[in-house]
4 protein chains.
Amino acid sequence: MTDANGQWHVEYITPQLLQVERIKEVIYSGKTAYQSVQILDTGCFGRTLVLDGKTQSAELDEFIYHEALVQPSLIVHPNPERVFIAGGGEGATLREVLFHKSVRKAVMVDIDQEVVELCRRHLPNHHQGAFDDPRLDLHHTDALRFLEESTKGFDVIIIDVPDPLEGGPAYLLFTQEFYQMAKERLTDQGLMVVQAGPTGPAFLEQCFASVAHTMSSVFPAAYPYEAFVPCFGSTWGFILAGERLDPAAMSVGEIEGRLATRLTRPLRFYDGITHSGLFSLPKYIREALAKEERLITRDTPLYAV
Amino acid sequence: MTDANGQWHVEYITPQLLQVERIKEVIYSGKTAYQSVQILDTGCFGRTLVLDGKTQSAELDEFIYHEALVQPSLIVHPNPERVFIAGGGEGATLREVLFHKSVRKAVMVDIDQEVVELCRRHLPNHHQGAFDDPRLDLHHTDALRFLEESTKGFDVIIIDVPDPLEGGPAYLLFTQEFYQMAKERLTDQGLMVVQAGPTGPAFLEQCFASVAHTMSSVFPAAYPYEAFVPCFGSTWGFILAGERLDPAAMSVGEIEGRLATRLTRPLRFYDGITHSGLFSLPKYIREALAKEERLITRDTPLYAV
Amino acid sequence: MTDANGQWHVEYITPQLLQVERIKEVIYSGKTAYQSVQILDTGCFGRTLVLDGKTQSAELDEFIYHEALVQPSLIVHPNPERVFIAGGGEGATLREVLFHKSVRKAVMVDIDQEVVELCRRHLPNHHQGAFDDPRLDLHHTDALRFLEESTKGFDVIIIDVPDPLEGGPAYLLFTQEFYQMAKERLTDQGLMVVQAGPTGPAFLEQCFASVAHTMSSVFPAAYPYEAFVPCFGSTWGFILAGERLDPAAMSVGEIEGRLATRLTRPLRFYDGITHSGLFSLPKYIREALAKEERLITRDTPLYAV
Amino acid sequence: MTDANGQWHVEYITPQLLQVERIKEVIYSGKTAYQSVQILDTGCFGRTLVLDGKTQSAELDEFIYHEALVQPSLIVHPNPERVFIAGGGEGATLREVLFHKSVRKAVMVDIDQEVVELCRRHLPNHHQGAFDDPRLDLHHTDALRFLEESTKGFDVIIIDVPDPLEGGPAYLLFTQEFYQMAKERLTDQGLMVVQAGPTGPAFLEQCFASVAHTMSSVFPAAYPYEAFVPCFGSTWGFILAGERLDPAAMSVGEIEGRLATRLTRPLRFYDGITHSGLFSLPKYIREALAKEERLITRDTPLYAV
């Protein structure tokens, strides 16, 4: 029964490489004021959010993406109380943040209210009720302007917006100017983490290396890491940065200790050994990062494929 | 210019998931006595060997696959002199083995002489002349029978054969009986390593976990590890096993020291930090491995999709 | 904007040939007791009914298929009053029948009530209200048994069921036994017409020629004809048969005269010149029909690809 | 065995509709000074010539395309002696012309010598040795300029060049100015025929109707006709024009008579009944042709998709 008859979701990984997923059911398909939205049930990955033709996350493996995005920064931080999330419409980034007992306030700014409402209705396994938590402060406006108008005071800032596309809403959140401004909204031991696109030899130059280089021009150091997310067809990159801390310096035991005492539930992807693996990038990726010279600015922005 | 016009190579990752690569040139296409063979130049991955419709390795990222397959075992072994390779027709597994000054004899057994000759002609960046090395002892026969008729004496045995397919030549090399027999051909501190199929939540149950479980029924312990290989559309699993050694116990410094003194050239993927990352599997994979109960035997063989 | 990103409907024309249509919207997707059903809005063909993965008809060109199926027989018949339709769930075959003022009763038997109701709701441009016509007598049961239990008395019998698939409900409607039984339900000058699958050199042998041969073993003569239906990716074949009449003998003027006086509306595809073209098959198709020797019976049924 | 694994040729029929053919073998793939060239052996259509990503003709059904292009004009002409062919690199248009005993000179001008040589070597079933006929006068230059510099004297002019693409070599051969100039190179009873792109409701407006309208602005009348060519995924349009003759006026018997006496071999597609079918276009196509108002000129050229 492996013939190709039926409905398929087609997605370019690069112009030379397509990933094609059999669709079991189209849950929703439409356009908001900002982007096109599909919510698909695919045979391989379950409920999947697609924005402007690009898979954002899927039921089967969103735990990998969202734990990898959120948990390293919150575990490395000594006591995260106030967290800012840009994007994250599925509610799963928020969910991971709210697993932490220490968190007293999660400010989430996603420009697209319709996407958030669609996810709330159609992706219950993603948000798991997180939108009902009283610690949430949810806004539907431009995350850049919102943060600009905020005063100092976030322990962790999480940037969970789509890859920068020409004409899309996200590209200004991938610039040196934005990282500088965000840094000034962090508390003393504050940390910032961004999703930074695919890694691997075919994709490195799209986004990951230049975002890492740009963040390291603003912070004393930037710590890139990666995890394999099957529905993206690739390992995926993240960059963690802060004034003070070195995530690679934490031992497996320290991480296990913090996980055991700080969280309200066990995780599926992240633990001490996983943390160690996340930051142990292969040699060729570390070399590509070391050689990267591109600074992303408002005047020289980055557009992914 | 990202339209779909043109020639494409289509490959099922699962029956629900296709990877599709634009073909720049078909270098060779035909059938041998054992399998169908294509050598393609794809826009994304360069020269690519395809056997029975399945990508075996590609120019862009074969260094990841072949260094990950070969280097951990040869570096962990105290002094690898005699190495056995089953399969590996591209010559790149052999190339990695021969980078080691300590190696005095590499016995390579690939059943399909035509594939080896096609690779020798069309994949020069894969083998890099390894087939001309006087330390090579090359045979075209059944690897299982050849090894059975050998006496004790290999320091490392590397199984680099395609995933087991019904009717294909490789499935008997993925059984408890084979691992037992191979173990008896190892020297005292000998190690065995096998490629073991895709990992990740969508693929784990195909092959990786049951091969790991089966090897751990024969050896005191089996050490699974993974690396992301883009042309496979997935992280890829390997299992390393031996009577005595724990690869996870080696420090980054020890590995770097051995690499600096034992090899004739620098590597691109593997080093001390990469080694640490390879064996730091995510929590959900370690849990799936722990729960696996399937033993692969001649009577209950495994067939991948 | 011709990239392949997005949702696509994939359909085998043959195992070597796929037709792939961009999906604008999935109107409905589900399963009935008899078959899987999709109603898609495709970028190329508009609202499209897909049963068991096969396109049945589409908004853009259904007028070609349904006029070609219905009009030649009703125009050739001297005075069609009672018409039987097997299948035709979209209601468009019915619509074409009811355009004829002479028709007093249209008995339609489609086994799948859910498909008929879905078409009634989602394909208004197909049926154009035909289901509300008081001349309709609609049944949801097995068309073969229903016809068997009917007595003589249909002026035209129209078989508009999907291609015969193994295990599908339709294959018994493509046998010599069925044609014999149906012939006995016709009035003296009665005519029978069946949709008979794709024509063209790649497809001729699937269905068209053997259905024509089988019908000509039951009737004095069978008149095959074809029309190009873009959403099928092929010219499509029909067979018209009766005891007495030769459709090819009617002049363009006679057809125009009957059209002008008998119908309540103008048609888009069919007229006198079109009629002449429909029955003027290319030489190679006429030769293939002449050579065909396969008789389809209950014991040796036909299954299309 | 109908899975999608393997190599496929993908071709846009429209931006919303793809035709996808399984490739058995890539015979040739490269670039000439004018265009990209592939010669494929597809599972469905046999040896296939692809220029700039567009199928030109295929072994299985090229007899339909080439007989439809050539035979109506040569049969309708009272005594074709001198024939001009623009394009036609496969040699099959030439082959059809040379089947006529009356033909004393065939002047063929195809700008791309490499394509002609590749077809000569790899498409023997297309040309069937026609390039060796002493009546052939072959030139590799611009057909427009060549014809301009010729004097009056062709009985039939056949335009067999690819659809007009922006930047491609052929678009000037689809203009009023070209048809006017070509008309002046015809003998008194001379005829001109052009391939004019796909027909059918999804494609009509691309090319066919405006080419017909433009030719009818130059000649007293233009006679459009169509044939289904499976490898194009569509019926295909042609326009025949001349000062004097009406091809639709010839009876089946007259055509059969001329075929029997003038040709050196029997044909497969074309005969008297086929001729009648070719020119009996469906009503909706005739109406679209009647309404067309677009004139193609050098200043307002046509580019197909």
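Higher on the page you've got the structure.
Here's what I pulled together on the structure shown here. Predicted model, so just to flag it, every value in this text is computed and none were measured.

1. Side note on the packing of aromatic side chains
Under the defined criterion, the tally for this structure stands at 46 aromatic pairs over all chains. When the ring of D:Tyr65 is compared with that of D:Phe238, the centres are 5.7 Å apart and the planes differ by 45 degrees; the resulting orientation is tilted. Of the two residues, D:Tyr65 sits in helix H1 (residues 62–76) while D:Phe238 sits in strand E12 (residues 234–242), which places them 173 residues apart along the sequence. Both residues of the pair, D:Tyr65 and D:Phe238, count as buried. By way of ring pairs, the aromatic residues A:Tyr65, A:Tyr225, A:Phe232, A:Trp236, A:Phe238 and A:Phe279 are connected into one cluster. Positioned above the aromatic ring of B:Phe219 is the side chain of B:Lys183, whose terminal nitrogen or guanidinium carbon lies 5.9 Å from the ring centre. Positioned over the ring face of B:Phe63 is B:Arg268, at 3.8 Å from the centre of the ring.

2. Concerning the sheet that holds strand E10 (residues 186–198) of chain A
All names here are of chain A. Here we have seven strands laid out as an open sheet, ordered E8-E7-E6-E9-E10-E12-E11, and mixed in their pairing. Edge strands, defined here as strands with exactly one partner in the open sheet, are strand E8 (136–139) and strand E11 (221–229). Neighbour-to-neighbour, the strand axes of the sheet open up by a mean angle of 15 degrees, direction not taken into account. Across nine bridges, E11 lies against strand E12 (residues 234–242) in antiparallel orientation. In the strand pairing of E12, Pro-224 is matched with Ile-239. With respect to the sheet, helix H6 (residues 176–183) is in contact with strand E9 (154–160) and E10, its orientation differing from that of E10 by roughly 150 degrees.

3. Observations concerning the sheet that holds strand E7 (residues 105–109) of chain C
Residue and element names in this part refer to chain C. With mixed pairing, the seven strands of this open sheet are ordered in space as E8-E7-E6-E9-E10-E12-E11. At either end of the open sheet lies a strand with only one pairing partner, and these are strand E8 (136–139) and strand E11 (221–229). Shown here is a sheet whose adjacent strand axes are inclined to one another by a mean of 15 degrees, direction ignored. Packed on one face of the sheet, helix H6 (residues 176–184) meets strand E9 (154–160) and strand E10 (186–198) and runs near 150 degrees to E10.

4. Let's talk about the pattern of salt bridges
All names here are of chain A. Taken as a whole and judged by the stated rule, the model has 32 salt bridges over all chains. Put simply, Arg-95 and Glu-96 hold a salt bridge, and the shortest N to O gap is 2.9 Å. Both residues of the pair, Arg-95 and Glu-96, belong to the buried class. When salt bridges with common partners are traced through the structure, they connect Glu-62, Arg-95 and Glu-96 into a single cluster.

5. What to know about the interface of chain B and chain A
Every contact between the two is made by 47 residues of chain B and, on the other side, 47 residues of chain A. Approximately 3600 Å² of surface area, both sides summed, lies buried where chain B meets chain A, with 65% of it carried by carbon and sulfur atoms. Counting the surface chain B buries against chain A, the share from its top three residues, B:Gln16, B:Phe228 and B:Lys283, is 17%. Measuring nitrogen to oxygen at the nearest pair gives 2.3 Å for the salt bridge that ties A:Arg286 to B:Asp271.

6. Overview of unusual backbone geometry
Despite not being glycine, B:Gln128 shows a phi value in the positive range, around 50 degrees. Take B:Gln128: it is sitting in the loop between helix H4 (124–127) and strand E8 (136–139). Phi angles above zero are rare outside glycine, and C:Asp52 is one such case at about 45 degrees. Along the polypeptide, C:Asp52 turns up in the loop between strand E4 (46–51) and strand E5 (54–58). The exposure class of C:Asp52 is partly exposed, given its relative accessible area of 35%.

7. Here we look at the relation of the copies chain B and chain A
Under the fitted operation, chain B is carried onto chain A by 0.0 Å of movement along the axis and a turn of 180 degrees, and the coordinates agree to an RMSD of 0.0 Å. Overall, the copies show the geometry of a two-fold rotation axis. Interface overlap between copies: 100% of the residues of chain B at the interface are likewise at the interface in chain A, consistent with a symmetric, same-surface contact.

8. Examining helix H3 (residues 113–122) of chain B
All names here are of chain B. All of the buried residues along H3 are Val-115, Val-116, Leu-118, Cys-119 and His-122. Take H3 and look down its axis: the buried residues cluster within an arc of 165 degrees, on one side only. For H3, the secondary structure elements touched by its buried residues are strand E2 (17–31), strand E3 (36–42), strand E4 (46–51), strand E7 (105–109), H4 and E8.

The rules behind these values
Residues numbered from 1 in each chain as written. Chains lettered and ligands numbered in written order. Predicted model: local features only at pLDDT ≥ 70, side-chain atom pairs only at ≥ 80, totals over all residues. Heavy atoms only, no water. Phe/Tyr/Trp six-rings, centres within 6.5 Å; stacked < 30°, edge-to-face > 60°. Helix = DSSP H or I, 4+ residues; strand = E, 2+ residues; numbered from the N terminus. Buried < 20%, exposed > 50% of the residue type's maximum accessible area, 1.4 Å probe, protein only. Lys NZ or Arg CZ within 6 Å of the ring centre and 35° of its normal. Pairing = 2+ DSSP bridges. Axes fitted to C-alpha atoms, helices over the stretch in contact; angles between N-to-C directions. Contact = heavy atoms within 4.5 Å. Salt bridge = Lys/Arg side-chain N within 4 Å of Asp/Glu carboxyl O. Buried area = accessible area lost by both parts, 1.4 Å probe. Least-squares fit on C-alpha atoms with pLDDT ≥ 70 in both. Arc of directions from axis to C-beta.

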